[in-house]
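Structural characterization, general
Given next are the chains, with one letter for each unit.
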Amino acid sequence: MNSLNSEAFTLLDQHILWSDMIGNILGLITLALGWRRSLWTWPVQFLSGLVLFGAFYGHLTGSAGKQVVVMVVALYGWWQWNRNRGRSEDGQITPRFATWTERAAMVGAAAVGTVAVALLFKAHPSLSWDPWPDAYIFVGTIVAMYAQARGMVEFWIAWLLVDLVGVPLNFANGYAFSGFVYVIYGALVLWGMRDWWLRSRKASQPALEGAPA
């Protein structure tokens, strides 16, 4: 796996590693497939986590451990979508809005999780180079993936909130390539959110009496 940490090319005075490039490309594919509500979004997400785990394992234990969590949630998403697919006209999952209880639970989990993970990172500096933003992005990603697994429109909002920190953080730390990729993530998130929003409203509209099913 050492080849994953070798340089692929140089762009904007940055040395882009194969692991960074492959991980970012797979991340974009994952979002695009999630937009289309394709079951393949989860295997691609799992593969992205596996690639990054291989790149980090042995020298960045904390980053490798985070990818294990991402892969576990990807398996959960695959299981959930397999259970609920076929309920819409196109054979895919039907997006829905979360209940207020679910929203409160996700916000609470994100807040508590961010504090807990940040304190863990601060107690073990080798796990993270910037504890609070890193914890926010990590926990936000897990919450977004959970909401996606449950077919909630709010998962796009969670991704957008992650991007709002991820984009300026990457640029501020000199990672312009990753920053630009996060900008593309943001555009995909906005388009995907619009699509899921419209589909969820259509699915919630009652059929007119006498109309064909």
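The paragraphs below set out a description of the structure included in this document. These numbers were taken from a predicted model, which means no experiment stands behind them.

Quick look at the overall build of the protein now. Within the protein one finds seven helices and two strands. Look at the contacts in the protein between residues 6 or more apart in sequence, and 63% of them connect residues 24 or more apart. On the protein, roughly 11,800 Å² of surface is accessible, and the fraction owed to carbon and sulfur atoms is 67%.

So, about the packing of aromatic side chains. The final tally for this structure, using the stated rule, is nine aromatic pairs. Arranged with centres 6.3 Å apart and planes meeting at 35 degrees, the rings of Trp 81 and Trp 196 form a pair that is tilted. Residue Trp 81 is found in helix α3 (residues 61-84), and its partner Trp 196 is found in helix α7 (residues 176-204); the two are separated by 115 residues along the sequence. In terms of burial, Trp 81 and Trp 196 fall into one category: buried. Between Phe 155 and Trp 156, the aromatic rings sit 4.3 Å apart at their centres with planes inclined by 40 degrees, giving tilted as the arrangement. You'll find Phe 155 and Trp 156 in the same group, each marked buried. Over the ring of Trp 79 we find Arg 83; its NZ or CZ atom is 4.8 Å from the centre of that ring. For Arg 103, the ring lying beneath its charged end belongs to Trp 100, and the centroid distance is 4.4 Å.

As for its position among the elements, Thr 114 is in helix α4 (residues 100-123). Leave out the neighbours within four places in its chain, and Thr 114 touches Ala 109, Trp 132, Ala 135, Tyr 136 and Val 139.

A few words on the nonpolar core. Residues Leu 31, Trp 42, Met 145, Trp 156, Trp 159 and Trp 196 are the most contacted members of the largest nonpolar core, which totals 40 residues. Counting only elements with at least two residues in this core, the list comes to α3, α4, α5 (131-149), α6 (154-172) and α7. With 10 residues, the top contributor of residues to this core is α5. Those residues in contact with Trp 42, other than ones at most four positions away along the chain, are Val 73, Ala 74, Gly 77, Trp 78, Trp 81, Met 145, Gln 148 and Ala 149.

Okay, the side chain of Gln 80 next. Its location among the elements puts Gln 80 in helix α3. Judged by relative accessible area, Gln 80 falls into the buried class, the value being 3%. Leaving out residues up to four positions away in the same chain, Gln 80 has contacts with Ala 149 and Arg 150.

What follows deals with the pattern of salt bridges. Scanning the model with the defined rule gives three salt bridges in all. Between Glu 102 and Arg 96 there is a salt bridge whose closest N-O contact spans 3.0 Å. Exposure remark for Arg 96: the relative accessible area of 28% places this residue in the partly exposed category. Its salt-bridge partner being Arg 103, residue Glu 154 comes within 2.8 Å of it at the nearest N-O pair. Taken together, the residues span a long stretch of sequence, with Glu 154 in helix α6 and Arg 103 in helix α4 at a distance of 51 residues. In this structure Arg 103 comes out as partly exposed when scored by relative accessible area, which is 22%.

Rules of the game
For every chain, the first residue of the written sequence is number 1, and numbering continues from 1 along that sequence. The predicted origin of the model limits local features to residues at a pLDDT of at least 70 and limits the giving and counting of side-chain atom pairs to 80 or more, whereas totals for whole chains, interfaces and linings rest on all residues. Note that the side-chain values use all heavy atoms of the structure and ignore hydrogens as well as water. Helix and strand definitions here come from DSSP, where helices need a minimum of 4 consecutive H or I residues and strands a minimum of 2 consecutive E residues; each element is numbered from the N-terminal end. Whether two residues are in contact is decided by their heavy atoms: any pair within 4.5 Å suffices. Under the convention used here, a 1.4 Å probe and the Shrake-Rupley method define accessible areas, while residue burial counts only the protein chains that appear. For Phe, Tyr and Trp, rings pair up if their centres lie within 6.5 Å, where Trp contributes its six-membered ring, and each pair is then called stacked (planes under 30 degrees apart), edge-to-face (over 60) or tilted (otherwise). The classification of residues rests on relative accessible area computed with a 1.4 Å probe and restricted to protein chains. Under 20% of the type maximum is buried, over 50% is exposed, and intermediate values are partly exposed. Either the NZ atom of lysine or the CZ atom of arginine qualifies as a charge over a ring when it sits within 6 Å of the ring centre and within 35 degrees of the ring normal. Throughout this description, the term nonpolar core refers to a set of buried Ala, Val, Leu, Ile, Met, Phe, Trp, Tyr and Cys residues connected via side-chain atoms within 4.5 Å. Salt bridge criterion: a side-chain nitrogen from Lys or Arg within 4 Å of a carboxyl oxygen from Asp or Glu.

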